[in-house]
Each structure stands twice: as structure tokens, then as C-alpha cells.
Amino acid sequence: MGMHSRICYVATCDVCRTDYLDPETEAVVWFADVTTAEQIVRANGWVTLARDLPDRLICPQDDDAHRACIDALMPPEPVMQIPGQLGLDGTEESAR
């Protein structure tokens, strides 16, 4: 039996640098390709953000740093006020 070099991929959270662990064994999972890695981690609650290349991964940890990273990538909320429509305070909004 000889030695062979293999390339593998490990999914790591871009916020806290935690590696994806197998839910049953708690061991770091090594993937043969990026597509399989993304499919499996997404199925286990991770978020894939395609803002820049390569895609960013965020683990399901729910804290301020993780929420801030996701919120920073969200588009701004749309303005729902139509010119001439009454605002919530009863005054008419001017055209912008």
C-alpha cells in the first residue's frame, strides 16, 4: 500500500472560523468537492452567501456577530411611501 495525496475541502464559518462537524460524531468533515460540501452544510442549517468569490459560509450560531454579517448583506428596505400619500402621522409626504 502506497501513500497518495488527496485534496479535500473543509467548510469553515467566515464569522467565527468554526469548522463544520458531523452531527453524530462531532468530527470535522472532509469533503471531496465544494458542491457536496455546500449542499450538506446548507441542509444542516448553515447559510451560503454568494456576495464574493468564493461563496461565504455562516454557521447557524445565533449571536450578534453572525446576525450582523447576514444583515450587512441584505438590501435596504424599500420605501413604501408614494408621493402625495398620507404618512402615518397624518401629514402628506412631499415628492422626493
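Residues numbered from 1 in each chain as written. Predicted model: local features only at pLDDT ≥ 70, side-chain atom pairs only at ≥ 80, totals over all residues. Heavy atoms only, no water.

1. Observations concerning the overall build of the chain
Then, number 1: Scanning the chain from terminus to terminus reveals 2 helices and 2 strands.
Then, number 2: Listing every helix and strand of the chain by position from the N terminus yields α-β-β-α.
Then, number 3: Relative to its 96 residues, the chain shows a buried fraction of 18%.
Then, number 4: Considering only residue pairs separated by 6 or more positions, the chain has 29% of its internal contacts joining residues 24 or more positions apart.
Then, number 5: With the model as given, the accessible surface of the chain reaches about 7,700 Å², and the carbon-plus-sulfur share is 56%. (Helix = DSSP H or I, 4+ residues; strand = E, 2+ residues; numbered from the N terminus. Buried < 20%, exposed > 50% of the residue type's maximum accessible area, 1.4 Å probe, protein only. Contact = heavy atoms within 4.5 Å. Areas by Shrake-Rupley, 256 points an atom, 1.4 Å probe, with all protein chains shown as cover.)

2. Re the nonpolar core
Then, number 1: The biggest cluster of nonpolar side chains holds 13 residues, and the ones touching the most others in it are Ala11, Tyr20, Phe31, Val41 and Trp46.
Then, number 2: Only α1 (34–43) and β2 (56–58) provide two or more residues apiece to this core.
Then, number 3: With sequence-adjacent residues up to four places away left out, alanine 11 is seen in contact with Thr18, Asp19, Tyr20, Phe31, Val41, Trp46 and Leu57. (Core = buried A, V, L, I, M, F, W, Y, C linked by side-chain atoms within 4.5 Å.)

3. Quick notes on a nonpolar patch on the surface
Then, number 1: Nonpolar side chains collect at one region of the surface, where Val10, Leu21, Val28 and Trp30 lie side by side and expose about 370 Å² of accessible area between them.
Then, number 2: Within the secondary structure layout, valine 28 lies in the segment before α1.
Then, number 3: A relative accessible area of 37% places valine 28 in the partly exposed class. (Patch = residues over 30% accessible without salt bridge, like charges linked within 9 Å, V, L, I, M, F, W, Y side chains within 5 Å. Salt bridge = Lys/Arg side-chain N within 4 Å of Asp/Glu carboxyl O.)

4. Section: the pattern of salt bridges
Then, number 1: Scanning all chains against the criterion turns up 4 salt bridges.
Then, number 2: Among the salt bridges present, the one from arginine 17 reaches aspartate 14, with a minimum N-O distance of 3.7 Å.
Then, number 3: Here arginine 17 falls in the exposed class, since its relative accessible area comes to 56%.
Then, number 4: Classification of aspartate 14 as partly exposed rests on a relative accessible area of 30%.
Then, number 5: The closest approach of N and O atoms between arginine 42 and glutamate 38, which form a salt bridge, is 3.4 Å. Separated by 4 residues within a single helix, arginine 42 and glutamate 38 lie in helix α1, roughly one turn from each other.

5. A word on unusual backbone geometry
Excluding glycine, most residues fall at negative phi; most peptide bonds, likewise, are trans.
Then, number 1: Non-glycine residue arginine 17 carries a positive phi angle of around 65°.
Then, number 2: On the secondary structure map, arginine 17 appears in the segment before α1.
Then, number 3: The backbone phi angle of glutamate 26 is positive, close to 60°, even though this residue is not glycine.

6. Quick notes on the environment of valine 34
Then, number 1: Residue placement: valine 34 occurs in helix α1.
Then, number 2: Taking C-alpha positions, valine 34 is 8.7 Å from alanine 11, a pair spaced 23 residues apart along the chain.

7. Side note on the confidence of the model for the chain
Then, number 1: With 88% of its residues at a pLDDT of at least 70, the chain reaches an overall mean of 83.
Then, number 2: Model confidence for the chain, summarised as mean pLDDT per element, is weakest for strand β1 (residues 47–49) at 84 and strongest for α1 at 91. (pLDDT = per-residue confidence, 0-100.)

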